[in-house]
Amino acid sequence: MANKVTRTLSEEEIIKIFRYLSLDVKQMLFLQLNTGLRISDIILLKHKDLMFGKLEIKERKTGKPQVTRVNMEVVEYLYKNRVYNGEYLFWDEKCNPKSIIRKVEWQIQKACDMENINSEFISTHSFRKTFATDAYNRTKDIVVVQELLNHSSAAVTQRYIRINKEKVDETREKTAIGFKAI
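Now for a description of the structure that goes with this document. (Residues numbered from 1 in each chain as written. Predicted model: local features only at pLDDT ≥ 70, side-chain atom pairs only at ≥ 80, totals over all residues. Heavy atoms only, no water.)

### Some words on helix 2 (residues 23–35)
Thought 1: Given a rise of 1.5 Å per residue, 13 residues ought to cover 18 Å, and the 18 Å separating the end C-alpha atoms of helix 2 matches this to within 8%.
Thought 2: Along helix 2, the residues classified as buried are Asp24, Val25, Gln27, Met28, Leu29, Leu31, Gln32, Leu33 and Thr35.
Thought 3: Contact partners of the buried residues in helix 2: helix 1 (11–18), helix 3 (39–42), helix 4 (72–80), helix 5 (97–114), helix 6 (124–139) and helix 7 (142–149).
Thought 4: One or two residues past the end of helix 2 sits Gly36, with phi positive at roughly 80°. (Helix = DSSP H or I, 4+ residues; strand = E, 2+ residues; numbered from the N terminus. Expected span 1.5 Å × (residues − 1). Buried < 20%, exposed > 50% of the residue type's maximum accessible area, 1.4 Å probe, protein only. Contact = heavy atoms within 4.5 Å.)

Set out below in structure tokens:
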């Protein structure tokens with residue numbers, strides 16, 4: 001799904017999609033919603049990578065280190081509801097990681113079909129964008145979101161979550177000048 005334009009998801013859409021997911025896929029996307037990690041990094045997570053709510057990985061796409069804390073409730077949920085007992089959180093050693101991404105994408109598309117959600121712009125990346133947009137809406141701090149996503153610049157993050165587009169649309173929608181003159 002490289003270069004696919006994606007969009008954020010509403011809470012209602014997340015709930016609807018999650019109804020149709022297997023437990024392991026649901027957990028991967030739940031972690032993505034709560035960390036903003038790329039799915040390619042999530043599928044490679046080992047149990048030791050999330051010990052005590054501290055996440056330490058090298059990002060697969062960028063090669064940059066990602067060292068951060070994760071909400072302990074999220075970590076506890078994942079450990080209490082483990083699907084696999086091997087080294088990896090979301091698969092056993094017999095699986096091919098690329099097939100896991102295909103499985104996740106397929107389940108998202110099927111869930112959208114079942115709920116009549118237009119899936120044209122929905123993929124695993126939508127869950128990362130939803131995290132980023134939520135973080136921005138809570139903090140109103142683009143630099144914080146940049147750091148959360150490990151982006152190289154605030155400009156990249158700004159394009160990523162389309163802050164300017166939303167503000168432009170909102171401003172135009174609310175603009176009503178000159179009505180008294182006509």
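So that's the structure; there's more coming.
### Points about the pattern of salt bridges
Thought 1: Enumeration according to the criterion identifies 8 salt bridges in this entry.
Thought 2: Here Glu87 makes a salt bridge to Lys46, at a shortest N to O gap of 2.9 Å. With Glu87 in the loop between helix 4 and helix 5 and Lys46 in the loop between helix 3 and strand 1 (54–58), this residue pair connects regions lying 41 residues apart in the sequence.
Thought 3: With a relative accessible area of 39%, Glu87 lands in the partly exposed category. (Salt bridge = Lys/Arg side-chain N within 4 Å of Asp/Glu carboxyl O.)

### So, unusual backbone geometry
Outside of glycine, negative phi angles account for most residues, and trans bonds account for most peptide bonds.
Thought 1: Within the chain, Phe52 stands out as a residue other than glycine whose phi angle is a positive 55°.
Thought 2: Among the structural elements, Phe52 can be located in the loop between helix 3 and strand 1.
Thought 3: We note that Lys140 has phi near 55°; this positive angle belongs to a residue other than glycine.
Thought 4: Secondary-structure assignment places Lys140 in the loop between helix 6 and helix 7.

### A few points about the pairing of strand 1
Thought 1: Alternating positions in strand 1 separate cleanly, Leu55 and Ile57 being buried on one face and Lys54, Glu56 and Lys58 remaining unburied on the opposite face.
Thought 2: Pairing of strand 1 with strand 2 (residues 65–69) involves 5 bridges; the strand directions are antiparallel. Along strand 2, the bridge assignment pairs Ile57 with Gln66.
Thought 3: The hairpin formed by strand 1 and strand 2 contains 6 residues between the paired strands, and Gly63 there has a positive phi angle of roughly 80°. (Pairing = 2+ DSSP bridges.)

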